[in-house]
Amino acid sequence: MADMLPLQASTLAGELFPAAKPRSAVLRNVALAVAGSLLMVAAAKIKVPFWPVPMTLQTLAVLALGAAYGARLGAATIALYIAYGLAGLPVFTNTPPAVAGPLYLLGPTGGFLLGFVAAAAIAGWAAARGASLARLVGGLLLADLALFIVGCLWLAFGAQMAGGASGVGLAKAFAYGAQPFLLGEVLKIALATCMVGAGWSLIGRRG
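Residues numbered from 1 in each chain as written. Predicted model: local features only at pLDDT ≥ 70, side-chain atom pairs only at ≥ 80, totals over all residues. Heavy atoms only, no water.

> Is there a simple way to explain the environment of A143 in this structure?
In this structure, A143 sits in helix α6 (residues 133-157). Along the sequence, A143 and F157 sit 14 residues apart, while their C-alpha atoms lie 22 Å from each other. (Helix = DSSP H or I, 4+ residues; strand = E, 2+ residues; numbered from the N terminus.)

> I would appreciate a short explanation of the packing of helix α2 (residues 22-45) against helix α4 (residues 71-86) in the present structure.
Between α2 and α4, the shortest axis-to-axis distance is 8 Å and the interhelical angle comes to 55 degrees. Taken together, α2 and α4 sit at an angle that is classed as oblique. In the crossing of α2 with α4, the sense of the turn from one axis to the other is right-handed. Residue-level inspection shows N29, L32, A33, V34, G36, S37, M40, V41 and A44 of α2 in contact with α4, the latter providing L73, T77, I78, L80, Y81 and Y84. Taken together, the residues of the contact of α2 with α4 break down into 11 nonpolar, four polar and no charged. (Axes fitted to C-alpha atoms, helices over the stretch in contact; angles between N-to-C directions. Parallel < 35°, antiparallel > 145°, perpendicular 65-115°, else oblique. Left-handed = near helix turned anticlockwise from the far one by under 90°. Contact = heavy atoms within 4.5 Å. Nonpolar A, V, L, I, M, F, W, Y, C, P; charged D, E, K, R; others polar.)

> Where do I start with α4 in this structure?
With 16 residues, α4 should cover 22 Å at 1.5 Å per step; its first-to-last C-alpha distance of 22 Å lies within 8% of that length. Of the surrounding elements, those touching the buried residues of α4 are α2, α3 (58-69) and α5 (110-126). Within two residues after α4, G88 carries a phi angle of roughly 105 degrees, on the positive side. (Expected span 1.5 Å × (residues − 1).)

> Sorry, what's going on with the packing of aromatic side chains here?
Each aromatic ring pair is described using two quantities: the centre-to-centre distance and the angle formed by the ring planes. Under the definition given, this model contains four aromatic pairs. Ring centres of F92 and Y104 lie 4.7 Å apart, and the angle between their planes is 25 degrees; this geometry places the pair in the stacked category. Pair noted here: F92 is in the loop between α4 and α5 and Y104 is in the loop between α4 and α5, with a separation of 12 residues, a long-range link. A relative accessible area of 1% means that F92 is categorised as buried. Its relative accessible area of 9% is what places Y104 among the buried residues. With centroids separated by 6.4 Å and ring planes inclined at 40 degrees, the aromatic side chains of F148 and F181 adopt a geometry described as tilted. (Phe/Tyr/Trp six-rings, centres within 6.5 Å; stacked < 30°, edge-to-face > 60°. Buried < 20%, exposed > 50% of the residue type's maximum accessible area, 1.4 Å probe, protein only.)

> Is there a simple way to explain the pattern of salt bridges in this structure?
Evaluated as defined, the whole model comprises one salt bridge. Between K188 and E185 there is a salt bridge; the shortest N-O distance is 3.2 Å. Here the residue K188 and the residue E185 both occupy positions in helix α8 (residues 182-206), the gap between them amounting to three residues, near one helical turn. A residue is classified by how much of its surface remains accessible, and E185, at 5% relative accessible area, is buried. (Salt bridge = Lys/Arg side-chain N within 4 Å of Asp/Glu carboxyl O.)

> Which parts of the structure should I look at to understand the nonpolar core?
A general tendency of soluble globular proteins is for nonpolar side chains to be buried together. M40, I78, Y81 and L113 are the most contacted members of the largest nonpolar core, which has 51 residues in total. Only α1 (12-16), α2, α3, α4, α5, α6 and α8 provide two or more residues apiece to this core. In contact with L113, not counting residues within four places along its chain, are Y81, I82, F92, Y104 and L105. (Core = buried A, V, L, I, M, F, W, Y, C linked by side-chain atoms within 4.5 Å.)

> How do you make sense of a nonpolar patch on the surface when you look at a structure like this?
Together, L142, L145, I149, L153, F157 and L170 line one region of the surface with nonpolar side chains, adding up to about 580 Å² of accessible area. Element by element, the count of residues in the nonpolar patch is highest for α6, at five residues. Examined against the element boundaries, L153 turns out to sit in helix α6. Of the residues examined, L153 reaches a relative accessible area of 43% and is grouped as partly exposed. (Patch = residues over 30% accessible without salt bridge, like charges linked within 9 Å, V, L, I, M, F, W, Y side chains within 5 Å. Areas by Shrake-Rupley, 256 points an atom, 1.4 Å probe, with all protein chains shown as cover.)

> Help me out: how do you make sense of α3 in this one?
The first and last C-alpha atoms of α3 sit 16 Å apart over 12 residues, in line with the 16 Å expected at 1.5 Å per residue. Along α3, 12 of the 12 residues are buried, which leaves the element largely enclosed by surrounding structure. Three or more residues of α3 are buried, namely Q58, T59, L60, A61, V62, L63, A64, L65, G66, A67, A68 and Y69. In the segment just after α3, G70 is the residue with positive phi, at about 95 degrees.

> So what exactly am I meant to see when it comes to unusual backbone geometry here?
Residues other than glycine predominantly adopt negative phi, and peptide bonds predominantly adopt the trans conformation. With an omega dihedral of -20 degrees, the bond running from T95 to P96 counts as a cis peptide bond. Along the chain, P96 falls in the loop between α4 and α5. With an omega of 10 degrees, the peptide bond between P96 and P97 qualifies as cis. Looking at the secondary structure, you find P97 in the loop between α4 and α5.

Next comes the structure, spelled out in structure tokens:
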């Protein structure tokens, strides 16, 4: 994975952890992907219960990882996290009591999990070296929006709910899957922006 998805030199992580040789770059990318995926696991378990979608720190982790790793490695890191759950490991927010595995993605949070991948890729594009503050903030907003669009559309029309229903409809999907989180998302975007800016400032001082 890391060999096919090299860490771009313009990323924050690429500047903080430079690698002179291809082999060391592969090992670094694997280590970063594993570390990022474990961060996602920890963020999933820090939650405030809501129905049908709980509030967690995962969107902050997704935005920060994407912005630090770049589009390709960021998206691959989130995909690795999802792969843990598909393999049956209890890494998702509602596991336990829910059982991890492929069927978990059919539930109400499945769309949000897939939206994480798109959000990380967009955040990585937005935070490339030389990006303006406006592009960074706008990109993180776009990343969060893409995440919620994918998640809410799945919740509205595809999620397998208790009783066998498929989805809850657009109105309920927005009311339960997006509206309660809007203020928190603004705060997470602000935090991600500050973390990325602080990282680039640190590199500037080193240079």
